[in-house]
Amino acid sequence: MKEEQVILVNENDEQIGLMNKMEAHEKALLHRAFSVFVFNENNELMLQQRAAHKYHSPNLWTNTCCSHQREGENNIEAGKRRLQEEMGFVTDLKETTSFIYKAPFDNGLTEHEYDHILIGYFTDEPEINPDEVAAWKWMSLEDVKVDISLNPEQYTAWFKIIFDKFYEHINIIENEGNC
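Below: a short report on this structure. Everything numeric here is computed off the predicted structure, so don't read it as measured data.

Cut-offs and rules
- Residues numbered from 1 in each chain as written.
- Predicted model: local features only at pLDDT ≥ 70, side-chain atom pairs only at ≥ 80, totals over all residues.
- Heavy atoms only, no water.
- Helix = DSSP H or I, 4+ residues; strand = E, 2+ residues; numbered from the N terminus.
- Rg over C-alpha atoms; globule rule 2.2 N^0.38 Å.
- Buried < 20%, exposed > 50% of the residue type's maximum accessible area, 1.4 Å probe, protein only.
- Contact = heavy atoms within 4.5 Å.
- Areas by Shrake-Rupley, 256 points an atom, 1.4 Å probe, with all protein chains shown as cover.
- Lys, Arg positive; Asp, Glu negative; His and termini not counted.
- Charge placed at Lys NZ, Arg CZ, Asp CG, Glu CD.
- Core = buried A, V, L, I, M, F, W, Y, C linked by side-chain atoms within 4.5 Å.
- Phe/Tyr/Trp six-rings, centres within 6.5 Å; stacked < 30°, edge-to-face > 60°.
- Polar contact = N/O pair within 3.5 Å; in protein donor to acceptor, adjacent residues only side chain to side chain.

## Some remarks on the overall build of the protein chain
Item 1. In terms of helices and strands, the protein chain carries 6 helices and 9 strands.
Item 2. For a compact globule of 179 residues, the expected C-alpha radius of gyration is about 16 Å, and the protein chain comes in at 15 Å, within 12% of that figure.
Item 3. Overall, the C-alpha framework of the protein chain stretches about 40 × 30 × 30 Å when taken along its three principal axes.
Item 4. Taking all 179 residues of the protein chain together, 51% fall into the buried category.
Item 5. Within the protein chain, contacts between residues at least 6 apart in sequence are counted, and of these 60% link residues at least 24 apart.
Item 6. A total of about 8,500 Å² of accessible surface is found on the protein chain, and carbon and sulfur atoms cover 45% of it.
Item 7. With 16 positive and 33 negative side-chain charges, the protein chain shows a separation of 5 Å between the mean positions of the two kinds.

What follows is the structure in structure tokens.
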């Protein structure tokens, strides 16, 4: 199977090339990514626990899903594709903001991403893909914020950054209610 490629970008999110995903992470090169946040009717966030065999951040809790756009795929298309692949459902998504972050991992890999935050709404239970997801749960944003402060080692680097710096872009209660 051909290794998945990521879209290399500059600081303006302009595509400058393609590279195999692992090579981009080994070289810590900036590439395009997205993070999906799905809420239910109680404005709780669907969290996923990453599968134990993931090449970085295994068993850590994070947002509903995240991944990398494919060449020719827009952010919304990519988010819907990955929601289906990881969580077994698709819902409407909207883009709220984006940011650049860099997070080195103990295994020598580095996430250096231009991350687009996507928000959606869903009321049923997901049908998780066990190759990607170990578990899932609904949590209020306030409970997530408290738990991150008490147990930061249980959450992914990008999720903690988003909660720290971009809380207002994912807090749909304060912004506009349901999507």
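## Looking at the nonpolar core
Item 1. One finds Phe37, Leu45, Ile117, Phe159, Phe163 and Ile170 to be the most contacted residues of the largest nonpolar core, which totals 24 residues.
Item 2. Breaking this core down by element, the ones donating at least two residues are strand 3 (31-39), strand 4 (44-50), strand 7 (93-104), strand 8 (110-121), helix 3 (141-150), helix 4 (157-165) and helix 5 (167-170).
Item 3. One finds Phe34, Val38, Cys65 and Leu118 within the second-largest nonpolar core, a separate group that totals 13 residues.

## A short note on the packing of aromatic side chains
Item 1. A complete count under the given rule lists 6 aromatic pairs for this structure.
Item 2. Taking 6.1 Å as the distance between ring centres and 20° as the angle between the ring planes, the aromatic pair formed by Phe37 and Phe159 counts as stacked. Of this pair, Phe37 sits in strand 3 while Phe159 sits in helix 4, and the two are 122 residues apart along the sequence. The burial state of Phe37 is the same as that of Phe159; both residues are buried.
Item 3. Measuring from ring centre to ring centre gives 3.6 Å for Phe89 and Phe122, while their planes differ by 10°; the resulting arrangement is stacked. Linking Phe89 in the loop between helix 2 (75-87) and strand 7 with Phe122 in the loop between strand 8 and strand 9 (133-140), this pair joins segments that are 33 residues apart in sequence.
Item 4. Given the relative accessible area of 5%, Phe89 is considered buried.

## Re the side chain of Thr64
Item 1. With respect to the helices, strands and loops of the structure, Thr64 is situated in the loop between strand 5 (61-62) and strand 6 (65-67).
Item 2. Of the residues examined, Thr64 reaches a relative accessible area of 0% and is grouped as buried.
Item 3. Engagement of the side chain of Thr64 in a polar contact is seen with the backbone oxygen of Met46, the distance being 2.6 Å.
Item 4. If near-sequence neighbours (up to four positions away) are discounted, Thr64 is found in contact with Val36, Phe37, Val38, Leu45, Met46, Gln48, Leu83, Glu86 and Met87.

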